[in-house]
Structure formats: structure tokens, C-alpha cells
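Take a look at the letters that make up each chain.
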Amino acid sequence: MMRLTTTAIRKLATGLCAALALAYSNAALADQPHPWQFGFQDAATPITEWIHEFHNWLLIIIFLISIFVFGLLAYVMIRFNHRSHPVPTRTTHNTVVEVLWTVVPVLILVTIAIPSFKLMYYMDRVPDAKMTIKVTGHQWVWEYTYPDQGNINFKSLMIEDKDLKAGQPRLLEVDNPLVIPVATNIRVQVAGEDVIHSWFVPSFGVQEYAVVGRLNEAWIKVEHEGTYYGECNQICGVNHAFMPIEVKVVSQADFQKWVQTQKTAMRDRDQVPGADVTKVADVAPATAAEPAKVGN
Ligand SMILES: [Cu+2]
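Residues numbered from 1 in each chain as written. Predicted model: local features only at pLDDT ≥ 70, side-chain atom pairs only at ≥ 80, totals over all residues.

(A) Looking closely at the sheet that holds strand β7 (residues 206-210). Taken together, 5 strands build an open sheet; the order of strands is β4-β10-β9-β6-β7 and the sheet is mixed. Edge strands, defined here as strands with exactly one partner in the open sheet, are β4 (178-181) and β7. Pairs of neighbouring strands in the sheet enclose a mean axial angle of 25°, with direction left out of account. Sheet analysis places strand β6 (residues 197-201) next to strand β9 (residues 226-232), joined by 2 bridges and oriented antiparallel. Residue Phe200 lies in a different strand from β9, and its bridge partner there is Glu231. Across the face of the sheet, helix α4 (residues 252-271) comes into contact with β4 and β10 (245-250) while running at roughly 135° to β4. (Pairing = 2+ DSSP bridges. Helix = DSSP H or I, 4+ residues; strand = E, 2+ residues; numbered from the N terminus. Axes fitted to C-alpha atoms, helices over the stretch in contact; angles between N-to-C directions. Contact = placed C-beta atoms within 7 Å.)

So, in C-alpha cells, the structure goes:
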């Protein structure tokens, strides 16, 4: 029995150490979900900071209302139960109470509505964006385009479990992450190509639907360099869980370097004999498909 307990304690201690180590290694990375997490991921943009503030404000209101209602319930149960109050009153109306229980909730709703609308408009208007990124959702991969940087364009695919390297988070790591500069207002345009997807990065406070034939818009200004993770947030088919989002936020200088590397890579790709044909084929299907339809 004694030996059993010692083993159990040792196992528990090892488990605890492993959990702490995991928590520490995750803390070293930037925002991503981790096991046994409570609360939100850290805010990385002004929008998320505001969302968290608003959430905390609502929490206070909910807490106060709950205490008040539970207090009233307790008061009624103790003061007016059949033993302590055998003969019930026959009161049916009380104008003051009726006005109060109408006006007070209205006031509470107003204190919620005003900051809520402020936040909504703050999220909605892109403030003086320095660059634009186009995000396109496909079944089941994200595509990123940089129209201001010579149309750099690539697809971002999840790294499968068997190919993961140490420290890479499972189901979140991708081959080509989205790279953006730190402390820059960025317009994010989101569209879909097949079904509805949703580009969701919790620490950016951005969750934008990728709808075919629509261009939705959001904005981000990430305040610290690092790696941030998100996921497709709209059930989009069998591989919905396997189209994560990874965003690398780098300094302006590093971003410019990255842009140059991408441009050179694109130029090299275009110079490969036959590469132009592929390029045309990428753009062509919409027009090429039309005559086929007429033929049918
Ligand atoms: Cu999706």
C-alpha cells in the first residue's frame, strides 16, 4: 500500500513537472491555445484589447445581476415561506416597483449597448491602412496574396503530424505562414472560392467569413513580433479541422527582406521554361470552362 502511494505521488510529480514544462514552452511561443487554458489568448491588437475590456465589463454586470437575483430569491425563501409567513398578502400592483423593473433593465442594456456599438464601429472601419492582404479560403487550404508587394501569392498548408518538428504545435503549424510587419495597420480582405470558410485568429480579434462572391474586410495592427495561430472557424467540409492559420509578425526590416526573397523566388519561378503556361492555366479555368458549358 505504502509503495503504491509512493509510486502514485512520484507519477503525479512527474506529470506536474511535464505540465509545467509544457506550459512554459507554450509561454515561450506566441499566442496559441494550450491545454487547460483558462480565459482568452493574450490580446495582440488594439481590437482584441477592447474586446477583452468589453468582456470584463459584461462579466461585472452579469455578476452583479446574478448576486441581486440570488439575494432576492434567498430573501423570498426565508422571509415568505409558509412557516414564517402563513397568511400571504393580497398585493397585486405596486407602481414604483413596476416602473423600477422596467427602467433599470433598460438602463443596464444602454450601458451595454453604447460600448458594444463603439467597439463594433471601431472594428468595422479600417484606419489608414498601410498595406492590404487578401485571404482566400479553399477546401482546405488558405491562400494569401499581397497586392501591394507585387502580388506575392502562396498557399498555406498544414504540416501533418508525421512531419512536425520539435516545438511545432500540432494541427496549427503550416508550411508557408502569413508574414506581416509589426505595428502596421493592415487591411485584411477575405473571400471564399468554394464554400464558406472563416479566417479566425483569436489574439487578433478577427473572425471574418470567407464567402464566395463577397469581399469581407477586417483590419489588424499587431503590437508585438511573434507567431500567432488561428483556425478556420466555419464548418467547411471533411478537412475543416486541418486548415490552420499561422501568422509570423516580424519587424519592418525583416518584412522588407522577406518580400524581396519572395519576389526573387517568384521571378525565378516565372523564368523556368513552361512556367508561364502554368501561370495562365491558374487564371484561365473560369473563361476556359465557359465554352465547355455551352457545348453541354
Ligand atoms: Cu474552412
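Having seen the model, we can carry on.
(B) Up close: helix α3 (residues 95-124). Between the first and last C-alpha of α3 there are 43 Å, a value that for 30 residues agrees with the 44 Å anticipated at 1.5 Å per step. The buried fraction of α3 is low, at 0 of 30 residues. (Expected span 1.5 Å × (residues − 1). Buried ≥ 20, exposed ≤ 12 C-beta atoms within 10 Å, placed from the backbone.)

(C) View of the sheet that holds strand β3 (residues 152-156). Taken together, the 5 strands give an open sheet; going across it, the order is β3-β2-β1-β5-β8, and neighbouring strands pair in mixed fashion. The open sheet has two free edges, formed respectively by β3 and β8 (216-220), since each of these has just one partner strand. Taken over all neighbouring pairs, the strand axes of this sheet differ in orientation by 25° on average, direction set aside.

(D) Structural detail: the confidence of the model for the protein chain. Looking at the protein chain, pLDDT values average 84 and 81% of them are 70 or higher. This model gives residues 275-296 a pLDDT under 50, and the stretch forms 3 contacts once residues within four places in sequence are excluded. (pLDDT = per-residue confidence, 0-100.)

(E) View of the packing of helix α2 (residues 46-79) against α3. In the contact formed by α2 and α3, the axes pass within 10 Å of each other and the chain directions differ by 170°. As summarised for this structure, α2 and α3 are arranged roughly antiparallel, according to the angle between their axes. For the pair α2 and α3, the contacting residues are Ile47, Trp50, Ile51, Phe54, Trp57, Leu58 and Ile61 in the first and Ile108, Ile112, Pro115, Ser116, Leu119, Tyr122 and Met123 in the second. Its residues assigned to classes, the contact of α2 with α3 comprises 13 nonpolar, 1 polar and no charged. (Parallel < 35°, antiparallel > 145°, perpendicular 65-115°, else oblique. Nonpolar A, V, L, I, M, F, W, Y, C, P; charged D, E, K, R; others polar.)

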